[in-house]
Each structure stands twice: as C-alpha cells, then as structure tokens.
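Listed below are the residues making up each chain.
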Amino acid sequence: MSDVVILSAARTPIGRARKGSLTAVDAFRLAEVAVAAATERSQVPVSDLDDLILAESLQGGGVIGRNIAVRLGLPNVPGVAVNRHCASGITAIQFAAATIIAGMGSLIIAGGTESASTMPRLTKIPPGETEPVRWMPESHPDAPGIPAYDMSVTIGENTARLCGVTREQADAWSARSHQRAVNAIAKGYFNAEIVGVPLPDQPAGAPGAPFTTDEHPRAGTTPEVLARLKVLHPEIPGAVVTAGNSAGVNDAAAAVVVASDDYARAHGLTPLAKIRGWASVGVDVERTGLAPVQAIPLALKRSGLDLIQVDVVEINEAFATMAVACTRELGLDEEIVNVNGSGVSLGHPIAATGTRMVVSMVHELARRDARIGVVAMCAGGGMGSALVIERA
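Residues numbered from 1 in each chain as written. Predicted model: local features only at pLDDT ≥ 70, side-chain atom pairs only at ≥ 80, totals over all residues. Heavy atoms only, no water.

### Regarding the environment of R18
To keep things clear, this is the line we draw: Helix and strand assignments follow DSSP, with helices taken as H or I runs no shorter than four residues and strands as E runs no shorter than two, numbered in order from the N terminus.
With respect to the helices and strands, the residue R18 is situated in the loop between strand 2 (15–16) and helix 1 (27–42). Along the primary structure R18 and D3 are separated by 15 residues, whereas in three dimensions their C-alpha atoms are 41 Å apart.

### Topic: the packing of aromatic side chains
Applicable threshold: Within 6.5 Å between ring centres, the rings of Phe, Tyr and Trp (the latter by its six-membered ring) count as paired, and their orientation is classed by plane angle as stacked under 30 degrees, edge-to-face over 60, tilted in between. Only when the NZ atom of a Lys or the CZ atom of an Arg is both within 6 Å of the ring centre and within 35 degrees of the ring normal do we say a charge sits over the ring.
Counting across every chain of the model gives 0 aromatic pairs. Here R11 stacks its cationic end above the ring of F190, 5.0 Å away from the centre of that ring. The positively charged end of R176 is found above the aromatic ring belonging to W173, 4.8 Å away from the centroid.

### Comments concerning the nonpolar core
Worth spelling out the cut-off: Among buried residues, those of type Ala, Val, Leu, Ile, Met, Phe, Trp, Tyr and Cys that are joined through side-chain atoms within 4.5 Å constitute a nonpolar core. For every residue, the accessible area obtained with a 1.4 Å probe (protein chains only) is divided by the maximum for its type, and the residue is called buried under 20%, exposed over 50%, and partly exposed between those limits. What makes two residues a contact is simply this: any of their non-hydrogen atoms within 4.5 Å.
Core analysis: the biggest nonpolar cluster contains 39 residues, and I296, L300, I315, M322 and V388 have the highest contact counts within it. At the level of secondary structure, the elements contributing two or more residues to this core comprise helix 4 (151–163), helix 5 (167–186), strand 9 (273–282), helix 8 (291–303), strand 10 (312–315), helix 9 (320–330), strand 11 (372–379) and strand 12 (383–391). Looking at this core element by element, the count peaks at 7 residues for helix 9. The residues touching I315, leaving out its near neighbours within four places in the chain, are P292, I296, M322, C326, T327, L330, L332, N338, S342, M357 and A376. Membership of the second largest hydrophobic core comes to 37 residues, among which are I6, I100, I108 and V359.

### Observations regarding helix 8
Applied cut-off: Between the first and last residue of a helix there are one fewer steps than residues, each counted as 1.5 Å, and that sum is the expected span. Think of the arc as the fan of directions from the helix axis to the C-beta atoms.
Between its first and last C-alpha atoms helix 8 spans 18 Å; for 13 residues at 1.5 Å apiece the expected length is 18 Å, and the two agree. Three or more residues of helix 8 are buried, namely A291, P292, A295, I296, A299, L300 and S303. Seen along its axis, helix 8 keeps its buried residues to an arc of 140°; they face one direction. If you follow the buried residues of helix 8, they end up packed against strand 9, strand 10, helix 9, strand 11 and strand 12. Two residues or fewer past helix 8, G304 is found with a positive phi of approximately 75°.

### Side note on helix 2 (residues 64–71)
Within the span of helix 2, buried status applies to I64, G65, I68 and A69. Along the long axis of helix 2, the arc covered by the buried residues comes to 140°, so they all point the same way. Here the buried face of helix 2 lies against helix 1, strand 3 (51–55), strand 4 (79–82) and strand 5 (107–115).

### Some words on the side chain of D171
Following the sequence through the fold, D171 ends up in helix 5. Sequence-distant contacts of D171, defined by excluding residues within four places in its chain, comprise P223, L226, A227, T242 and N245.

### Observations regarding the environment of T118
The cut-off we apply is this: Whenever two N or O atoms come within 3.5 Å, that pair is a polar contact, provided that in protein one can donate a hydrogen and the other can accept it, and provided that, for residues adjacent in sequence, both atoms are side-chain atoms.
If you trace the backbone, T118 turns up in the loop between strand 5 and strand 6 (122–124). Of the residues examined, T118 reaches a relative accessible area of 30% and is grouped as partly exposed. Along the chain, T118 and V25 lie 93 residues apart, while their C-alpha atoms are 7.6 Å from each other. Ignoring sequence-local partners within four residues, the contact set of T118 consists of T23, V25, D26 and A27. A polar side-chain atom of T118 sits 2.7 Å from a polar atom in the side chain of S115.

Here's what the structure looks like:
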C-alpha cells in the first residue's frame, strides 16, 4: 500500500462576501486560479493526472471538477464534485488519498471553491402552490432547537449551552483569532501559499490589480470592542453568539496535488507533506459543534499517533463557542490551536475552507520546523472531519 504525499498547495486570498474584493469573481473562476497554481507548483506532467476532485457547497450542483478541468485545457482529466458542507474541502482531499491508497490512481488534484457573493438563489414551487419560495438544500431536517438554516443556534448557541462557554470566553477567543491573523499577514506567513486573483476590469477599462491579501481579519479587534455587539438571538436566555464571534461569510478557493510516494520518487519530486490519516464522524445534530472532539482522536488513532505528538492544530472556527469547547474537551494547549487565526478572523468560504486549512497547515509546519499537524472542523447536519498530516 502506497503512502500519499502532498506535492503542492495553493489558495486564493479570502474575500469578504458581497462587499469585498471578490464579489464579481465566481466560484468557477476562483477554482481555476487555485487549481492552475497547484498544478503548476507541483511540476507534474498534466497528462499523468488521474482526476480532479473539487468540493462545492452552495454553488447549485453540477460536476464542478470536470468543468474546471475543461476550462484549464485538461480534457484527459475527469472530474467530480463533493459536498459535505463545511467539511467539503477536507473531504475532497480524503477521497483523493483513498483513491491512491486503493491503487486506483497515483496523481490527483483535490480542492474546494466557494463564492458566497455569487452563489445561486434557488427557488421551488411546493406541491399545490403557485408561488415559488426561496429554498436551500438542508443539512438536516428542520426541527425546534436545531434549525436547518441557522447554524448560529444549531452550532453556536447549542455548543455554548452544552459546554458552558460564556460570552466573555467566546469574545476573548475571537479577538485573539483576529490578532493572530493580522500578525500572520503582517509577517508574511501566508505569502508562499497565496496566489493572487486577477480582478475584472474596472469601469474605465483599466485592468484591476490582483487581489493578494486576506481581507476579513480586522486589526484592532479586542474583547472590549466585541462586547459591544448585540447577540443574534436575544430570545434565547443567556445567548452568547454575535456577528463578532461567528465565522465570516466569504469567497475563496484552494487546491492541492496529491500523489503516491512511489510516483513522487519515480519522478524525482520532493513532497511537502504526507497524509497520515483521517476520519469523518456523525453526531447528534444538537452536538454538531462538538464533532471535532470525536473526529480528531479517531483520525489520530488511525494514523498511529497520540494527541501529545501533535505540534499544531486548526479547528475551524464556525463559531468561537465551538472552538473554545472543542479545545477544552480535547485538553489542547490553546497556544498550538489556530495559531494564525481561523474562521472567525480569516473567514469561512464553506467548501474551500477544509482545503485552505490543509494548505496553511503544510506551510505552517515548514515555517515552524514542526512535524505533525491536524486540521478539523464541524459540518452542518451533525458531522465532523479531521485530517492528520506529517511534514515531509
């Protein structure tokens, strides 16, 4: 059985949806940029590519992987779309790794893309009705206490209540997330992983400057600033979730090229990292925010590792409450968790986030000269996923 290695990793900067730099750039164009960069950086012959596995969550369906392959002039590369909501981007990498381990391929592009700015708004006409209604695919059946379309309750508030996370703790975590992200940007930690996105021409006809820097983190964010924000659900006793301690709504894409270690050796390629193992889990929907607490230990067990051996962790901040709770439940040192920010500060371009986390983790392990990294996240509907990587 061949090991699976990461040959290259690239991502676009993360834009603020509907009011940021990428509002006119759709998910397809974002994917083109990230996939093309990852492919070029890998230095592999494109004729050797076995597949393009691309995650999407809110883009309306379709085989987006094949669409991007054709756009990039790769007619020999089939494609597929995967959707595990927030964990879609990490799942794409897992599926690619599984294909290689099974011996059914040796070189695959995996990634994710999301444009909340340009996502389609779906409608349907219910049986017996004449007027269309707004509709979105549900991650789980709508029910009291676990609304299908409001994760601030299903994840954010439920996790706070179940684990006793206070407003002050959530705000403190969020402020630190912003501070860490701003610091990482200022020190250029993300420069090597980011590929700039050419922006559409300006009204005067002049080409826009490429977009190169994550724009969601806010300098000057403090617990005191966040404490002034109103909770999203004042009708809930003791509510803690605000816009300031929730993940952003964002646009971005990310991609990696994975291969068998046999392929890498045969072609004289130096991997960035090795994929040690992964796990995806299902939990009661009410406990969605705590799914990483199950996924991380299972992924480590499958990797033959213990939590004590992990050097860096990123648990996507869908809401600060769940990041606080998961870190506490796992007994993690906060100093190694979300060291350069995460969903609250960097943003959460849903289907791209999991791949973005892997891209950032690969580079962070190299920067720190560290060995083991874990990325994990919860996903709508009572799911969670984790991936363990080792620096090559």
